[in-house]
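Overview (structure and organization)
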2 protein chains.
Amino acid sequence: MNVEFINPFLASLVNVLSTMAQTHLTAEKPRLKKDEVAKGDVSGMIGMIGPQTKGSLSITFEESLALEIMHKMLGEKPAAIDEEVTDMVGEITNMVTGGAKNMLGEKGYEFEMATPIVVSGKGHTINHKGDGPKILIPFSCDAGKAHIEVCFDK
Amino acid sequence: MNVEFINPFLASLVNVLSTMAQTHLTAEKPRLKKDEVAKGDVSGMIGMIGPQTKGSLSITFEESLALEIMHKMLGEKPAAIDEEVTDMVGEITNMVTGGAKNMLGEKGYEFEMATPIVVSGKGHTINHKGDGPKILIPFSCDAGKAHIEVCFDK
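These lines cover the structure that appears in this document, whether it is placed above or below. Owing to the predicted nature of the structure, the values given are computational and were not obtained by experimental measurement. (Residues numbered from 1 in each chain as written. Chains lettered and ligands numbered in written order. Predicted model: local features only at pLDDT ≥ 70, side-chain atom pairs only at ≥ 80, totals over all residues. Heavy atoms only, no water.)

1. Description of the environment of B:P138
Selection rule: Secondary structure elements are defined from DSSP: runs of H or I of at least 4 residues count as helices, runs of E of at least 2 residues count as strands, and each element is numbered from the N terminus.
Turning to its location among the elements, B:P138 is positioned in strand 7 (residues 134-141). Separated by 56 residues in the primary sequence, B:P138 and B:D82 have C-alpha atoms spaced 24 Å apart.

2. Topic: the pattern of salt bridges
Residues and elements named next belong to chain A. Put simply, the rule reads: We define a salt bridge as a contact between a side-chain nitrogen of Lys or Arg and a carboxyl oxygen of Asp or Glu at a distance within 4 Å. The cut-offs for exposure are 20% and 50% of the maximum accessible area for each residue type, with area from a 1.4 Å probe on protein chains only; residues under the lower value are buried, those over the upper are exposed, and the others partly exposed.
Counting across every chain of the model gives 18 salt bridges over all chains. Here R31 ties to E36 by a salt bridge, and the two come within 2.6 Å at their closest N and O atoms. The class for R31 is partly exposed, based on a relative accessible area of 31%. Through salt bridges with shared partners, a single ionic network connects E28, R31 and E36.

3. Quick look at helix 3 (residues 83-106) of chain A
Residue and element names in this part refer to chain A. Condition: What a helix is expected to span follows from its residue count: subtract one and scale by 1.5 Å. Polar contact criterion, stated in full: a pair of N or O atoms within 3.5 Å, where within protein one must be able to donate a hydrogen and the other to accept it, and residues adjacent in sequence count only if both atoms are side-chain atoms.
In this model, helix 3 (24 residues) spans 35 Å end to end at C-alpha, consistent with the 34 Å of a helix rising 1.5 Å per residue. If you check which residues of helix 3 are buried, you get V85, T86, M88, V89, G90, I92, T93, V96, T97, G98, A100 and L104. The N-terminus of helix 3 is capped by D82, whose side-chain oxygen sits 3.1 Å from the backbone nitrogen of E84. The first or second residue beyond helix 3 is G108, which carries a positive phi of 95°.

Take a look at the structure:
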C-alpha cells in the first residue's frame, strides 16, 4: 500500500467536512480491506482514469452522520435520506476526489475524474472490483461513522 | 436524448447475458429518468471519461435474476448474493460497457473506462449525479428484472 497515494483522500475528506459543515471527523489508520465488510446507508462513488492507472473511490456514510452534515450545512435536518442528501453526498464525493487529485497532481500522479453516482439503501455494502488492493479508511465523530474505500489497478 | 449513444448499452447487455448465461432479456424503450425510482439488490457501476464527455453507468439486478444468471453460468445457484455474485456483476458491468465502448468507438465516440464497483443491499436506489440527462432502460425476463442507467455530461 502506497501511503503517499492514500493520505490525500483521507486529508481531503477531513478538510471538506470541516470547512463545509463544521464536522470534525477522526480518521483511523488506512488498512487493507480483505474479509472486512463495511456497511453504510448512503454512498458516493466515482471513477478515476489516469495515464498510469485507473480506479474507483467510494465514500460511505451512516444515515445519522449524513443527516447531521445536512443540518450543519443548511440549518435544517431532513427526516431521512432524500434527494437533497444524495446531491450533497455527490458534491462531497466530487470535492474530496478533486482535492486529492490536486494533491496527487503536485506529486506527479495525474488522473481525470468521471461523474459521481450516489447509492442509497439501508446497510448496503461496497465492493471495488479493480485489480489492485482495496484500501479502507474508517472515520467517526459523535454523529456517526463514515468510510472511504479506494482501489487502483497496479 | 441521443439514441445513437444509448442503444449500444442496451444491445450489449442483451448480448452479454444471452451469450454468457443463456438468459434472454426483453428491453423496454429507453426513457428519461425524472422522478422515477428504480430499486434493485445488486448493482455494478463504472465511470467513463472521454475527450468529448464523461459519465457513469450502472446495471442493477433484482436478487432473483442475479442468482439465476449465476445458476446458468455455473450450474449452481447460490442461496444469496455473495462475493461470487458481486464478482459476476462486476464482470458483466465491464463486458457491457466494453461492448458499448467498441460500438461507440466505431461511430467516433471514444471513452476510457474506470474500474467497476459493485453495491449489494436489498432495495437500494441509484442516483447518477452527472450534469446531463439520466437515461433508464428497463429489462425483464422470467427470473426477474434489471435496469441500466446511463448519464453523460453534455
